[in-house]
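Structural overview for review
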Amino acid sequence: MRLARVIGTVVATRKEESLIGFKLLVIEEMDPREERPTNNRLVAVDTLGAGEGDVVLWVQGGAARVISEEHRKAPLDVAIVGIIDAVDIADE
Amino acid sequence: MRLARVIGTVVATRKEESLIGFKLLVIEEMDPREERPTNNRLVAVDTLGAGEGDVVLWVQGGAARVISEEHRKAPLDVAIVGIIDAVDIADE
Amino acid sequence: MRLARVIGTVVATRKEESLIGFKLLVIEEMDPREERPTNNRLVAVDTLGAGEGDVVLWVQGGAARVISEEHRKAPLDVAIVGIIDAVDIADE
Amino acid sequence: MRLARVIGTVVATRKEESLIGFKLLVIEEMDPREERPTNNRLVAVDTLGAGEGDVVLWVQGGAARVISEEHRKAPLDVAIVGIIDAVDIADE
Amino acid sequence: MRLARVIGTVVATRKEESLIGFKLLVIEEMDPREERPTNNRLVAVDTLGAGEGDVVLWVQGGAARVISEEHRKAPLDVAIVGIIDAVDIADE
């Protein structure tokens, strides 16, 4: 699981049928210590109602298809699974 | 899920039997914010009719084998799952 | 499996229902030879009672969902599976 | 799926029993646009009769175990699945 | 599958119950062409009796859990699956 910030959306009219109805967001990975973006930008499916600017928790691989029966049947490998309220890093 | 541009094709006469009939395209990963290529170039299976120059959405790992019964039985780890019409990144 | 040090926590009120009750820790990957952090920082689920400063053993991918029936149903891809007492590297 | 060139072989007398009989080749990933090696070198199982110098198509992860019942039972994560005749990249 | 050299051991008294009894080794990935270490160091489960200094073949992901019924139930993502006798790279 990693952190990211939601930075945009993508539109794909032609796509796998099992993806219809899923909201697709562009996310930018965020380093939890520095709280700044890395250069890793992906497209994630969202079912939590995340919006632009939100800091989110995301998973990759098979974990993205565990969420529901609809997720299980769709070719998904990145999913938002939480919206972050606070990151607390210990002082060194 | 990541974005990429279709840049070519590969031909493989000798291959796993379960791959026969699948169209294989060379894709170049594209950063969704900068809309320019990264250095990551792969071969993806396509069942949506993508063509050279198209910007596509692709998945990796087990997600590539979720698409159909034929996909499930074939050694596939990268698949095109959408053709992108628009990428909309929020102003900072 | 890799080593990491626990450096913090994250709070996410809105999340996938199957994640409720799991403790989420921020971990910083640690090189076992140099015993210093790499730049890889993630969020891991913990069921061993790890705390800040602990050096832990973690897994990624499907391995994170093997641990229990609750793990299996949750969108998890990083889990702490051991707390390290000692790392012993051979002299070259 | 990625491209690679076969550059060698490895011999392992002591190994998991389920690996006995599988041919193991050293492959060097190849960039499909530049047609030159990257620095990524792996060991892949081959059941197509690939030989040194051949350009091959390979998969990683669970895809490597989809190929046959013997593959399914063996700890394999990289497999050669095609021998490339031609790579055709569009002019920019 | 990749090559590595065994460089040490880790001790973890507190760990997932399903990991009890598994030997855990620190390995350092080795480039098969250059026969020198990369900077990738991990912890791998070993059931072949590998020892310090041995060059080994290792797998990652679900492949690490294919080996036995005990492996299947344990949160493992890196396993040693062979001990290398010889690497033979073709002259260019």
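In short, a report on the structure. Computed from a prediction, not measured in an experiment: that's the story for all the values here. (Residues numbered from 1 in each chain as written. Chains lettered and ligands numbered in written order. Predicted model: local features only at pLDDT ≥ 70, side-chain atom pairs only at ≥ 80, totals over all residues. Heavy atoms only, no water.)

**Description of the overall build of chain A**
Helix and strand content of chain A: 1 helix and 7 strands. If you list the helices and strands of chain A from N to C, you get β-β-β-β-β-α-β-β. Against the globule reference of 12 Å for 92 residues, chain A gives a C-alpha radius of gyration of 14 Å, in line with a compact fold. Reported as C-alpha extents along the three principal axes, the dimensions of chain A are approximately 50 × 25 × 20 Å. Burial analysis of chain A (92 residues in total) assigns 58% to the buried set. Taking the contacts inside chain A whose residues are at least 6 apart along the sequence as the reference set, 56% of them involve residues at least 24 apart. (Helix = DSSP H or I, 4+ residues; strand = E, 2+ residues; numbered from the N terminus. Rg over C-alpha atoms; globule rule 2.2 N^0.38 Å. Buried < 20%, exposed > 50% of the residue type's maximum accessible area, 1.4 Å probe, protein only. Contact = heavy atoms within 4.5 Å.)

**Section: the nonpolar core**
By size, the foremost hydrophobic cluster in this structure holds 121 residues, and its most contacted members are M1 of chain A, M1 of chain B, M1 of chain C, M1 of chain D together with M1 of chain E. Not counting chain neighbours up to four residues away, the residues in contact with M1 of chain A comprise L57, W58, V59 and V81 of chain A together with L19, L24, L42, V43, P75, L76, D77 and V78 of chain C. (Core = buried A, V, L, I, M, F, W, Y, C linked by side-chain atoms within 4.5 Å.)

**Looking at the side chain of D77 of chain B**
Residue position: D77 of chain B is located in the loop between α1 (69-72) and β6 (78-83). Within the buried set, D77 of chain B has no salt-bridge partner at all; the shortest N-O distance to an opposite charge, 6.8 Å, is to R65 of chain B. When near neighbours in sequence (up to four residues on either side) are disregarded, D77 of chain B contacts V59, Q60, G61 and A64 of chain B together with M1, V59, Q60 and A63 of chain D. (Lys, Arg positive; Asp, Glu negative; His and termini not counted. Salt bridge = Lys/Arg side-chain N within 4 Å of Asp/Glu carboxyl O.)

**Comments concerning the relation of the copies chain E and chain D**
To go from the first copy of the chain to the second, apply a rotation about an axis and then a shift along the same axis. Rotating chain E by 72 degrees about the axis while translating it 0.0 Å along that axis superimposes it on chain D, leaving an RMSD of 0.0 Å. The operation mapping one copy onto its partner corresponds to a five-fold rotation axis. (Least-squares fit on C-alpha atoms with pLDDT ≥ 70 in both.)

**Some remarks on the pairing of strand β3 (residues 23-30) of chain D**
Residues and elements named next belong to chain D. The element β3 is extensively covered by neighbouring structure, given that 7 of its 8 residues are classed as buried. Taken together, the 6 bridges between strand β1 (residues 2-11) and β3 define a ladder with antiparallel strand orientation. When the sheet's bridge partners are listed, G8 is paired in β3 with V26. The sheet contact formed by β3 and strand β4 (residues 37-46) spans 7 bridges and is antiparallel. Paired with I27 across the strands is L42, a residue of β4. Hairpin connection, β3 to β4: the antiparallel pair is bridged by 6 residues, and E35 has positive phi, about 50 degrees. (Pairing = 2+ DSSP bridges.)

**Let's talk about the interface of chain E and chain D**
Each side of the interface is counted separately: chain E has 28 residues, and chain D has 28 residues. Buried area between chain E and chain D, both sides added, is near 2,300 Å², and the carbon and sulfur share of it is 53%. Summed over the shared surface of chain E and chain D, the number is 2 salt bridges. Our enumeration of links across chain E and chain D arrives at 15 residue pairs in polar contact (both at pLDDT 80 or more). (Buried area = accessible area lost by both parts, 1.4 Å probe. Polar contact = N/O pair within 3.5 Å; in protein donor to acceptor, adjacent residues only side chain to side chain.)

**Overview of the pattern of salt bridges**
Counted according to the given criterion, the structure contains 30 salt bridges over all chains. R2 of chain A is paired through a salt bridge with E29 of chain A; the nearest N and O atoms lie 3.2 Å apart. With R2 of chain A in strand β1 (residues 2-11) and E29 of chain A in strand β3 (residues 23-30), this pair connects stretches of sequence that are 27 residues apart. The partner of R41 of chain D in a salt bridge is E28 of chain D, and the shortest N-O contact between them spans 2.7 Å. One end of the pair, R41 of chain D, is in strand β4; the other, E28 of chain D, is in strand β3, and 13 residues separate them in sequence. Classification of R41 of chain D by relative accessible area gives buried; the value is 8%.

**Some details on the interface of chain A and chain C**
One frequently used descriptor of interface size is the decrease in accessible area upon assembly of the parts. Taken together, the contacts link 28 residues of chain A with 28 residues of chain C. Both sides of the chain A and chain C interface together cover about 2,300 Å² of buried area, and 52% of this is carbon and sulfur. Looking only at chain A, the three residues that lose the most surface to chain C are M1, R2 and V66 of chain A, adding up to 26% of its buried area. Across the chain A-chain C interface, the total number found is 2 salt bridges. Of the charged contacts in the structure, one is a salt bridge between R41 of chain C and D31 of chain A, with a shortest N-O distance of 2.4 Å. Among the residues forming the side of chain A that touches chain C, the class breakdown is 17 nonpolar, 5 polar and 6 charged. (Nonpolar A, V, L, I, M, F, W, Y, C, P; charged D, E, K, R; others polar.)

**Quick word on the environment of A44 of chain A**
Mapped onto the secondary structure, A44 of chain A falls in strand β4 (residues 37-46). Not counting the four nearest positions on each side in its chain, A44 of chain A is found in contact with K23, L24, L25, I27, V78, A79 and I80 of chain A.

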